[in-house]
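So you can see what is in the structure, the chains are spelled out below.
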Amino acid sequence: MANALPLRIWPYSAALAAGVVGLCMLLRHVPGPRYDNTIAGQTKTFLDAPRPEGKWRVLALGSSLLHAATPQTANVQRAELPDIAWMRMTKGGAGIGYLQSSLATLGSRPPEVLVLEQNLFLPDDGNATMDQLREDVWHWGKQAASLLTAGKLASPPPYWERNDQELAFTCGPELKKLSASQIRQHAAELQNLYRQSTFDAALINNIATLAQRGVRVILLDVRRSLLIEQQTAQQKTDWQRRLQALLPASQNIIYLASPALTEQNLYCDASHLNTQGARQFAPWWQTQLRQLRDRG
């Protein structure tokens, strides 16, 4: 029988883990320039870059629903709408979470259009801190690799030629195999979220201020499949009414809902569009952006 580990190893392991997390958090506050791979850094780089004449800058923030629905590369957007500079950043789950750092950079140089997917106004899933720490560890690993190779790694292309999320949304096997009972459970969880949610006053005030300054704010509802939408319709409608009471529709606050796609085979699961669904979403979305651009 194998010898049991000495009991003292457990507090030592816990202390080591706490130390690593604490060091990561302290390193985030070391003075010096922030790197472009952070959410705030990418946003600032996008907005500070020289804007090609006549181009509208559209910054879109959302959940994985937005990631699955919209183009994954800037080239796709440029081909269809060459006079619109597009940047999209998303996170998993509901709530603004670590995307809040993107909004915090908009005070000095906001985009012409800010798209906020409505799921960001739901309660956050509480993973913002760990998500940021994972991003920091990834960045430090990249720095270490660059040092070990004497800086010989290829430099990134010009900012206007790259996108923040090059990869398409991954429709994994675990999503495709959701059972009917799992879908019903997800719908029930959404019902509770809509019923019990409270709105972040700071986020609401931030959005209202940007709209007053002339930023076109699009509050976008990326609809899930009918399997979900029909089961959550009443709770979602009530929640949207409360949101609209706090941020009334106006010239610069615009509510949009994506088309209801009735075919279940356009969804990866009951919520996220697959590649075929995103192709059907694209013409509608491009039309909305064109109309916004034409209004000036």
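Check the entry above for the structure.
Note that this is a predicted model, so its numbers are computed, not measured.

Looking only at helices and strands, the protein features eleven helices and five strands. Burial status across the protein gives 44% buried among its 296 residues. The contacts in the protein between residues at least 6 apart in sequence include a share of 84% that link residues at least 24 apart. For the protein, the accessible surface area stands at approximately 16000 Å², while carbon and sulfur atoms represent 58% of it.

This brings us to the packing of helix 8 (residues 180–196) against helix 10 (residues 226–246). Packing of helix 8 against helix 10 brings their axes to within 9 Å, and their N-to-C directions diverge by 10°. By the angle class used here, helix 8 and helix 10 are roughly parallel. Between helix 8 and helix 10, the residues in contact are Ile183, Arg184, His186, Ala187, Leu190, Gln191, Tyr194 and Arg195 and Leu227, Ile228, Gln231, Thr232, Gln235, Lys236, Trp239 and Arg242, respectively. Grouping the amino acids of the contact of helix 8 with helix 10 by side-chain chemistry returns seven nonpolar, five polar and four charged.

A separate point is the pattern of salt bridges. One pass over the structure, following the stated rule, counts eight salt bridges. Salt-bridge contacts for Asp48 lead to Arg109; the nearest nitrogen and oxygen are separated by 3.7 Å. Remark: Arg109 occurs in the loop between helix 5 (100–103) and strand 3 (113–117) and Asp48 occurs in helix 2 (residues 39–48); sequence separation between them is 61 residues. A relative accessible area of 40% means that Arg109 is categorised as partly exposed. The partner of Asp83 in a salt bridge is Arg293, and the shortest N-O contact between them spans 3.0 Å.

By size, the foremost hydrophobic cluster in this structure holds 39 residues, and its most contacted members are Leu61, Leu114, Leu116, Phe121, Ile207 and Leu247. It is helix 9 (residues 201–212) that provides the largest number of residues to this core, a total of five residues. If we ignore the near neighbours within four places in the chain, the residues touching Leu61 are Leu66, Met89, Leu99, Ser102, Leu103, Leu114, Val115, Leu116, Glu117 and Leu120.

Pairing between the strands of a sheet is mediated by backbone hydrogen bonds and can be parallel or antiparallel. The five strands are arranged 2-1-3-4-5 in an open sheet whose pairing can be described as parallel. Here the strands that pair on one side only, and so sit at the sheet edges, are strand 2 (84–91) and strand 5 (253–257). Going across the sheet, the axis of each strand differs from the next one's by a mean of 20°, ignoring polarity. Sheet analysis places strand 3 next to strand 4 (residues 216–221), joined by five bridges and oriented parallel. Across the sheet, Val115 pairs through a bridge with Ile218, a residue of strand 4. In this fold helix 11 (residues 275–295) packs onto strand 1 (56–63), strand 2, strand 3, strand 4 and strand 5, with an angle of close to 160° to the strand it touches most, strand 5.

The tally for this structure, following the rule as stated, stands at six aromatic pairs. Taken together through their ring pairs, the aromatic side chains of Trp86, Phe281, Trp284 and Trp285 make up a single cluster.

Another aspect to go through is the side chain of Thr90. For Thr90, the location among the structural elements is in strand 2. Residue Thr90 is classed as buried on the basis of its relative accessible area, which comes to 10%. Among the polar contacts listed, one links the side chain of Thr90 to the side chain of His67, at a separation of 3.4 Å.

Once that is clear, we can look at helix 2. In terms of burial, helix 2 is largely enclosed, as seven of its ten residues are buried. For helix 2, the full list of buried residues reads Ile39, Gly41, Gln42, Thr43, Thr45, Phe46 and Leu47.

The next point concerns the pairing of strand 4. In summary, the side chains of a regular strand alternate between the two faces of the sheet. Along strand 4, six of the six residues are buried, which leaves the element largely enclosed by surrounding structure. Neither face of strand 4 is open: one carries Arg216, Ile218 and Leu220, the other Val217, Leu219 and Asp221, and all of them are buried. Sheet topology places strand 4 next to strand 5; five bridges connect them, and they run parallel. By the bridge assignment for strand 5, Leu219 is matched with Tyr255. As for the winding sense of the linkage, the β-α-β connection from strand 4 through helix 10 to strand 5 is right-handed.

Its place among the elements puts Thr43 in helix 2. A relative accessible area of 0% places Thr43 in the buried class. Excluding residues that lie within four positions of it along the chain, Thr43 makes contacts with Leu59, Met87, Met89, Ser102, Thr105 and Leu106.

Across the eight residues of strand 1, eight count as buried, placing the element largely inside the fold. As judged from the eight bridges shared by strand 1 and strand 2, these two strands associate in the parallel manner. In the strand pairing of strand 2, Ser63 is matched with Lys91. Pairing between strand 1 and strand 3: four bridges, direction parallel. In the sheet register, Leu59 faces strand 3, and the bridge partner there is Leu114.

Cut-off values and rules
- Residues numbered from 1 in each chain as written.
- Predicted model: local features only at pLDDT ≥ 70, side-chain atom pairs only at ≥ 80, totals over all residues.
- Heavy atoms only, no water.
- Helix = DSSP H or I, 4+ residues; strand = E, 2+ residues; numbered from the N terminus.
- Buried < 20%, exposed > 50% of the residue type's maximum accessible area, 1.4 Å probe, protein only.
- Contact = heavy atoms within 4.5 Å.
- Areas by Shrake-Rupley, 256 points an atom, 1.4 Å probe, with all protein chains shown as cover.
- Axes fitted to C-alpha atoms, helices over the stretch in contact; angles between N-to-C directions.
- Parallel < 35°, antiparallel > 145°, perpendicular 65-115°, else oblique.
- Nonpolar A, V, L, I, M, F, W, Y, C, P; charged D, E, K, R; others polar.
- Salt bridge = Lys/Arg side-chain N within 4 Å of Asp/Glu carboxyl O.
- Core = buried A, V, L, I, M, F, W, Y, C linked by side-chain atoms within 4.5 Å.
- Pairing = 2+ DSSP bridges.
- Phe/Tyr/Trp six-rings, centres within 6.5 Å; stacked < 30°, edge-to-face > 60°.
- Polar contact = N/O pair within 3.5 Å; in protein donor to acceptor, adjacent residues only side chain to side chain.
- Right-handed = clockwise from strand over helix to strand, strands pointing away.

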